[in-house]
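# Close look at the chain arrangement
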Amino acid sequence: MATAKQISESLQAWDAVGELSFSDARFMQAESELIEVVKSALLKIQGVDDVSFERGSAGSIYFDLWSDASDDHTISIKVRVSNHQ
């Protein structure tokens, strides 16, 4: 289960390599770890059934939270993770 500390540590590690090329293995590893930690934490929220993500501008990742509350309605919430100052 992801904790705030794990998210903070992952975000700091990702930010630390933020100036590297997007194809650099260290950047890709840090980004992958951050995505997994944040997805894990978001999936723990009651009512969240699925989480997807997309990369935005450099330094931003957007997470979509989905809840299939009923057959008639689907709820979506977008969360942005960024290393922009």
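The structure this text deals with has already been given above.
So, a few notes on the structure that sits alongside this text. Keep in mind it's a predicted model, so treat the numbers as computed, not measured.

## A short note on the pattern of salt bridges
Following the criterion strictly, the structure yields 3 salt bridges and no others. A salt bridge links Lys 78 to Glu 54, with the shortest nitrogen-to-oxygen separation between them at 3.8 Å. With Lys 78 in strand β3 (residues 75-82) and Glu 54 in strand β1 (residues 50-55), the pair connects residues that are 24 residues apart, well separated along the chain. For Lys 78, a relative accessible area of 46% translates into the label partly exposed. The network of salt bridges with shared partners includes Glu 54, Asp 64 and Lys 78.

## Regarding the pairing of strand β2 (residues 60-67)
Within β2, 6 of the 8 residues are buried, which leaves it mostly tucked inside the rest of the structure. Direction of pairing for β1 relative to β2: antiparallel, over a ladder of 6 bridges. Pairing of Phe 53 across the sheet is with Phe 63, part of β2. The sheet contact formed by β2 and β3 spans 8 bridges and is antiparallel. Looking across to β3, one finds that Tyr 62 is bridged to Arg 80.

## Side note on the environment of Ser 67
Mapped onto the elements of the fold, Ser 67 is located in strand β2. Taking C-alpha positions, Ser 67 is 6.9 Å from Asp 50, a pair spaced 17 residues apart along the chain. From its side chain, Ser 67 meets the backbone oxygen of Gly 47 in a polar contact 2.7 Å long.

## Topic: the packing of aromatic side chains
One pass over the structure, following the stated rule, counts 1 aromatic pair. With 6.3 Å between their ring centres and 40 degrees between their planes, Phe 53 and Phe 63 make a pair best called tilted. Pair noted here: Phe 53 is in strand β1 and Phe 63 is in strand β2, with a separation of 10 residues, a long-range link. Residue classification places Phe 63 among the buried residues on the basis of a relative accessible area of 0%.

## As for the sheet that holds β1
Sheets are built from strands paired through backbone hydrogen bonds, the pairs being either parallel or antiparallel. Pairing in this open sheet of 3 strands is antiparallel, and the strands run β1-β2-β3 from one edge to the other. In this open sheet, the two edge strands, each paired with only one partner strand, are β1 and β3. Averaged over neighbouring strand pairs, the angle between their axes works out to 20 degrees when direction is ignored.

Basis of the calculations
- Residues numbered from 1 in each chain as written.
- Predicted model: local features only at pLDDT ≥ 70, side-chain atom pairs only at ≥ 80, totals over all residues.
- Heavy atoms only, no water.
- Salt bridge = Lys/Arg side-chain N within 4 Å of Asp/Glu carboxyl O.
- Helix = DSSP H or I, 4+ residues; strand = E, 2+ residues; numbered from the N terminus.
- Buried < 20%, exposed > 50% of the residue type's maximum accessible area, 1.4 Å probe, protein only.
- Pairing = 2+ DSSP bridges.
- Polar contact = N/O pair within 3.5 Å; in protein donor to acceptor, adjacent residues only side chain to side chain.
- Phe/Tyr/Trp six-rings, centres within 6.5 Å; stacked < 30°, edge-to-face > 60°.
- Axes fitted to C-alpha atoms, helices over the stretch in contact; angles between N-to-C directions.

Function cannot be inferred from these measures alone, as they are strictly geometric.
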